[in-house]
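Residue-level listing of the chains:
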Amino acid sequence: ITDGAVYFDGTSDYLAVTNSNDFDFDGTFTMEALVYADTLAANPMIFTRGGGNTGTSWSATNGAQFALYCLSDGVVRFEYNNGANGSHTLASSAGSVVVKRWHHIAVTYDTTTFTLWVDGVSAATGTGSPTMPTTRNLVYIGMWPTSADVQEWQGFISNLRFVKGTQLYTSNFT
């Protein structure tokens, strides 16, 4: 099932998308991807935007906009910029993602509530009003370049999409 998927080897493999307001959180949206991890070491990134000059900054002027990634224990995390208040995080339970298996990961937003979905099940929710940094940065697929280190995905990412204006999932699905 790898037709159409992109393989990232965890070492300098990533895709960068030019800065565009297409990735601004300015209303309802869905972001999603199918992922297959060879390893979850080093908190591999799936889909990120920004980072500013200091990489891990969540400042209101030149900070990150969002980060969707896994932790080494299989937790899926979604962080988004909350302006001067730093970042806000949604996190699934440990073991939500296991290596050597395909997973569907999605984040939806209805202008009030963010929902993190893992394999069709709501894994976490949170309310908030994300703040866009005044300086936008590149979108990365498969990595997030930070000042401390580069957190790269090792495995496949397929069918990644960012849909503005539509919350595709509102209840658990299979």
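Parameters and conventions
Residues numbered from 1 in each chain as written. Predicted model: local features only at pLDDT ≥ 70, side-chain atom pairs only at ≥ 80, totals over all residues. Heavy atoms only, no water. Pairing = 2+ DSSP bridges. Helix = DSSP H or I, 4+ residues; strand = E, 2+ residues; numbered from the N terminus. Buried < 20%, exposed > 50% of the residue type's maximum accessible area, 1.4 Å probe, protein only. Contact = heavy atoms within 4.5 Å. Axes fitted to C-alpha atoms, helices over the stretch in contact; angles between N-to-C directions. Phe/Tyr/Trp six-rings, centres within 6.5 Å; stacked < 30°, edge-to-face > 60°. Polar contact = N/O pair within 3.5 Å; in protein donor to acceptor, adjacent residues only side chain to side chain.

> Explanation requested: the pairing of strand 10 (residues 121-127) in the structure shown.
Note on strand geometry: in a regular strand, side chains alternate between the two faces of the sheet. Relative to strand 10, strand 9 (residues 113-118) runs antiparallel, the two being bridged by six bridges. Its bridge partner lying in strand 10, V118 is registered against V121. Hairpin connection, strand 9 to strand 10: the antiparallel pair is bridged by two residues, and D119 has positive phi, about 50 degrees.

> How do you make sense of the environment of N43 when you look at a structure like this?
If you trace the backbone, N43 turns up in the loop between strand 3 (29-37) and strand 4 (45-49). Overall, the relative accessible area of 26% leaves N43 in the partly exposed class. Each residue touching N43, except ones within four places of it in the same chain, is listed here: Y69, C70, L71, S72 and Q151.

> Any chance you could explain the sheet that holds strand 8 (residues 102-109) here in plain terms?
Picture the strands of a sheet paired through backbone hydrogen bonds; they go either parallel or antiparallel. Pairing within the open sheet is antiparallel, and its six strands lie in the order 1-14-3-8-9-10. Bordering the open sheet on either side are strand 1 (6-9) and strand 10, each of which pairs with just one other strand. The sheet shows a mean angle of 20 degrees between the axes of neighbouring strands, taken without regard to direction. Where strand 1 and strand 14 (residues 154-164) come together, four bridges link them in antiparallel fashion. By the bridge assignment for strand 14, V6 is matched with I157.

> Where do I start with the packing of aromatic side chains in this structure?
How two aromatic rings sit relative to each other is set out by the distance from centre to centre and by the angle between their planes. Enumeration according to the criterion identifies 20 aromatic pairs in this entry. Ring geometry for Y36 against W102: centres 5.5 Å apart, planes inclined by 50 degrees, an arrangement best described as tilted. Linking Y36 in strand 3 with W102 in strand 8, this pair joins segments that are 66 residues apart in sequence. Residue Y36 is classed as buried on the basis of its relative accessible area, which comes to 18%. Ring pairs connect the aromatic residues F23, F29, F47, F66, F78, Y80, Y109, F114 and F162, which therefore count as one cluster.

> Whenever I open this one, the environment of R101 confuses me. Can you help?
Inspection of the secondary structure puts R101 in the loop between strand 7 (87-91) and strand 8. What makes R101 partly exposed here is its relative accessible area of 45%. Each C-alpha atom, one on R101 and one on D38, is 8.6 Å from the other, the two residues being 63 residues apart in sequence. Contact partners of R101, with chain neighbours within four places excluded, come to V35, Y36, A37 and D119.

> Where do I start with unusual backbone geometry in this structure?
When glycine is set aside, most residues are seen to have a negative phi, and most peptide bonds are trans. Of note in the backbone geometry, S12 takes a positive phi value of approximately 65 degrees without being a glycine. Within the secondary structure layout, S12 lies in the loop between strand 1 and strand 2 (15-17). Backbone geometry at N159 places phi at a positive 55 degrees, although glycine is not the residue there. Tracing the chain through its elements places N159 in strand 14. What makes N159 exposed here is its relative accessible area of 54%.

> Hey, could you run me through the environment of T48 in this one?
On the secondary structure map, T48 appears in strand 4. Judged by its relative accessible area of 0%, T48 is buried. In this structure, the C-alpha to C-alpha distance between T48 and Y80, residues 32 residues apart in sequence, is 9.6 Å. Not counting the four nearest positions on each side in its chain, T48 is found in contact with F66, A67, L68, L138, V139, Y140, M143 and W144. In terms of polar contacts, T48 uses its side chain to reach the backbone carbonyl oxygen of M143, at 2.9 Å.

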